[in-house]
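# Secondary and tertiary structure notes
Take a look at the letters that make up each chain.
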Amino acid sequence: MSSNSSDQPKLKVGILGATGTVGQRFVVLLASHPYFVLHALCASSRSAGKSYSAATKWKLASPMPSSVADQVVDSCSVTKESRLLECDVVFSGLDASVAGSIEAACAAAGLAVFSNAKNFRMHPNVPLVVPTANAEHLAPLIAAQRAQGAQMWVQELLREAPDGHAADYIDPELFVDGGCIVTNSNCSTTGLVVVLRALQAVFGPATKVHVTTMQAVSGAGYPGLPVLDVFDNVVPLISGEEEKLETEPRKILGTVEGARVADAELLVAAACNRVPVLDGHTLAVSVSFRDSAKVEPEAAMEALRAYVPPPGEEVWARCPSFPHGVGAVRVADEADRPQPRLDRECGKGMTVSVGRVRKCNLFDLKFVALTHNTILGAAGSSILNAEIAVAQGLIKGSK
């Protein structure tokens, strides 16, 4: 990783849901990070107390990092003895069924939580950030949360926790101001909004989008779909996916006004499909712009090649996970690209690959985009969001 991060002090980080497939991706990406140091690996009570290697059914192609194999897994509860309290940053790979209570408890304890879960994405004071699309949302919305203090997250914990069980997640004596939650988007949303942001920088606001997805099986988690459902097949339903893809881009491409985001005036129609591909979500997209007069395929490709996402090079130079040398978007020169097997690792999985940019008979422009769904579409976005926050002084080591 090429960046000017060598002078950054080490920061202790924890992972919630460390034994799951998203948690495993966090482990791999963080094990060799130049300044994030894995300090707390947290999972369910079934795994707590075991070594990470004993508690984890490893599912990634890359091997489990030897540095974590013998580390003892902690509970996700926030207690006086918890190593979570010693962390500067906490990453969440938790399933949405349990994420809300645990993440709220961590934020109520003053921790900065960077979450891949959906629970707080649409909360008005929580930034929903795809780092190479709308990183400018981070600072004002983190400030808005901190201005409300721990009480904001205590109230969310009371809403999220089963009746009478809030104390199972955190010792009330540990409530402290300064915590926050930052979310990243659903994996299928990620590539779409990066490309739209790049195009809007040149052509102005997009108004209508139609997107058909071909989504990899890894997006379903483990154990995922039965083999007889997905082999030699396309499944034209991913429960809840189309709703996320039709709503999240409006917040991501919106404008921060005070303590919340004013959604973009954008209509999205989505059709989501599960296909027999291991990693990499492919999107076939058509888009219209408010001012369509200057929208041409060659100009669009030039806009994508030239795109430098906000907040700009000075910050990106301090972010080791940014795809330096490749960029946030790569435009494929080949007529039959992008393809998941050939292009998902572009920029170490942090670059969106785009191809087949051409005129559309119904809209202004159409193209194909590809995103690595478990890197930029999940853990990689959370890590890059945290790197931006560190580079901007929103998080400082204190533990």
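Residues numbered from 1 in each chain as written. Predicted model: local features only at pLDDT ≥ 70, side-chain atom pairs only at ≥ 80, totals over all residues. Heavy atoms only, no water.

## A closer look at the overall build of the protein
As a reminder, the rule being used: For helices the rule is a DSSP run of H or I covering at least 4 residues; for strands it is a run of E covering at least 2, with both sets numbered from the N terminus onward. Radius of gyration means the value over C-alpha atoms here, while the globule rule gives 2.2 Å times the residue count to the 0.38 power. Whether a residue is buried, partly exposed or exposed follows from its accessible area with a 1.4 Å probe, protein chains only, as a fraction of its type maximum: under 20%, in between, or over 50%, in that order. Surface accessibility follows the Shrake-Rupley procedure with a 1.4 Å probe radius. Residue values consider only the protein chains on display as shielding. Charged residues are defined narrowly, with Lys and Arg counted positive, Asp and Glu counted negative, and His plus the chain ends left uncounted. A charged residue contributes its charge at one atom only: NZ of Lys, CZ of Arg, CG of Asp or CD of Glu.
Within the protein, the secondary structure is distributed over 14 helices and 14 strands. Its C-alpha radius of gyration of 20 Å places the protein within 12% of the 21 Å reference for a compact globule of 399 residues. Across its three principal directions, the C-alpha atoms of the protein cover 60 × 50 × 45 Å. When each of the 399 residues of the protein is scored for burial, the buried share is 56%. Surface summary for the protein: the accessible area is close to 16300 Å², and the carbon and sulfur share equals 51%. Taking the average place of the 35 positive charges on the side chains of the protein and the average place of its 40 negative ones, the gap between the two points comes to 2 Å.

## Overview of helix H11 (residues 297–306)
In plain terms, the rule: The arc in question is the one spanned by the directions pointing from the helix axis to the C-beta atoms. Contact between two residues is taken to exist if any of their heavy atoms lie within 4.5 Å; hydrogens are not considered.
Residues of H11 that are buried: Pro297, Ala300, Met301, Ala303 and Leu304. An end-on view of H11 places all buried positions within 160° of arc, on one side of the element. Exposed residues lying more than 90 degrees from the buried face of H11 are Glu298 and Ala306. Check the buried side of H11 and you find it contacts helix H8 (187–203), strand E12 (329–331), strand E13 (352–359) and strand E14 (365–371).

## Re the sheet that holds E12
The condition that has to hold: Here, a strand pair is defined by DSSP locating no fewer than two bridges between the strands. Fitting a line to C-alpha atoms yields each axis, with helices limited to the stretch in contact; the angle taken between N-to-C directions then spans 0 to 180 degrees.
Pairing in this open sheet of 6 strands is mixed, and the strands run E10-E7-E11-E14-E13-E12 from one edge to the other. Of all the strands in the sheet, the pair left with one neighbour each is strand E10 (267–274) and E12. Each neighbouring strand pair of the sheet contributes to a mean axis angle of 20°, computed without reference to strand direction. Bridging between E13 and E14 involves 5 bridges; their strand directions are antiparallel. When the bridges of E14 are listed, Ser353 appears paired with Leu370. Its contacts with the sheet put H11 on E12, E13 and E14, and the angle it makes with E13 is roughly 165°.

## Comments concerning the UniProt feature "domain: Semialdehyde dehydrogenase NAD-binding" (unreviewed entry) in the protein
We count it as follows: UniProt positions are given in the numbering used here, feature names are shortened, and annotations may be inferred rather than shown by experiment.
In this structure's numbering, the residues bearing the UniProt feature "domain: Semialdehyde dehydrogenase NAD-binding" (unreviewed entry) are residues 12–141. Segment residues 12–141 splits into 31% helix and 18% strand. End C-alpha atoms: 23 Å apart.

## So, the domain arrangement of the protein
What counts is decided by this rule: The domain boundaries here were taken from an automatic or database domain assignment. When two parts are put together, the accessible area they lose, computed with a 1.4 Å probe and summed over both, is reported as buried area. For this analysis, a salt bridge means a side-chain nitrogen from Lys or Arg found within 4 Å of a carboxyl oxygen belonging to Asp or Glu.
The domain architecture assigned to the protein consists of domain 1 (3–186 + 380–391) and domain 2 (187–373). The C-alpha centroid of domain 2 is placed 25 Å from the C-alpha centroid of domain 1. If you look at the interface, domain 1 gives 40 residues, while domain 2 gives 37 residues. Of all residues in domain 1, the largest losses of buried area upon contact with domain 2 belong to Thr132, His137 and Asn186, amounting jointly to 22% of the total for that side. The tally of links from domain 1 across to domain 2 stands at 2 salt bridges. Note that Arg121 is salt-bridged to Glu248, the shortest N-O span being 3.0 Å. Contributing elements (two or more residues each) for the side of domain 1 that touches domain 2: helix H1 (21–31), helix H5 (131–134), helix H6 (138–148) and helix H14 (375–391).

## Let's talk about helix H4 (residues 96–108)
In plain terms, the rule: A helix is expected to span 1.5 Å for every residue after the first.
Taking 1.5 Å of rise per residue, the 13 residues of H4 would be expected to cover 18 Å, and the 18 Å separating its terminal C-alpha atoms lies within 8% of that figure. Of all 13 residues in H4, 10 are buried; the element is thus mostly enclosed. Among the residues of H4, Ala99, Gly100, Ser101, Ile102, Glu103, Ala104, Ala105, Cys106, Ala107 and Ala108 are the ones counted as buried. Residues of H4 that are buried sit in contact with strand E1 (11–16), strand E4 (89–92), strand E5 (112–115), helix H7 (150–160) and strand E6 (180–183). Where H4 ends, the next residue or the one after it, Gly110, has phi of about 90°, a positive value.

## A closer look at the UniProt feature "active site" (unreviewed entry) in the protein
Just so we agree on the cut-off: A 3.5 Å cut-off defines polar contacts: any pair of N or O atoms within that distance qualifies, except that in protein one atom must be a possible hydrogen donor and the other a possible acceptor, and neighbouring residues in sequence count only when both atoms are side-chain atoms.
UniProt feature "active site" (unreviewed entry): in the numbering of this structure it lies at Cys187 and His281. With the annotated positions falling across 95 residues, the maximum pairwise C-alpha distance of 7.9 Å places them together in a single cluster. By the secondary structure assignment, Cys187 is in helix H8. Cys187 has contacts with Glu241, His281, Asn373 and Gly377, leaving out every residue within four places of it along the chain. For His281, the location among the structural elements is in strand E11 (residues 281–289). Beyond its immediate chain neighbours, meaning those up to four positions away, His281 contacts Cys187, Ser188, Met214, Gln215, Ala216, Gly219, Arg274, Ala369, Leu370, Thr371 and Asn373. At 3.5 Å, the side chain of His281 forms a polar contact with the side chain of Gln215.

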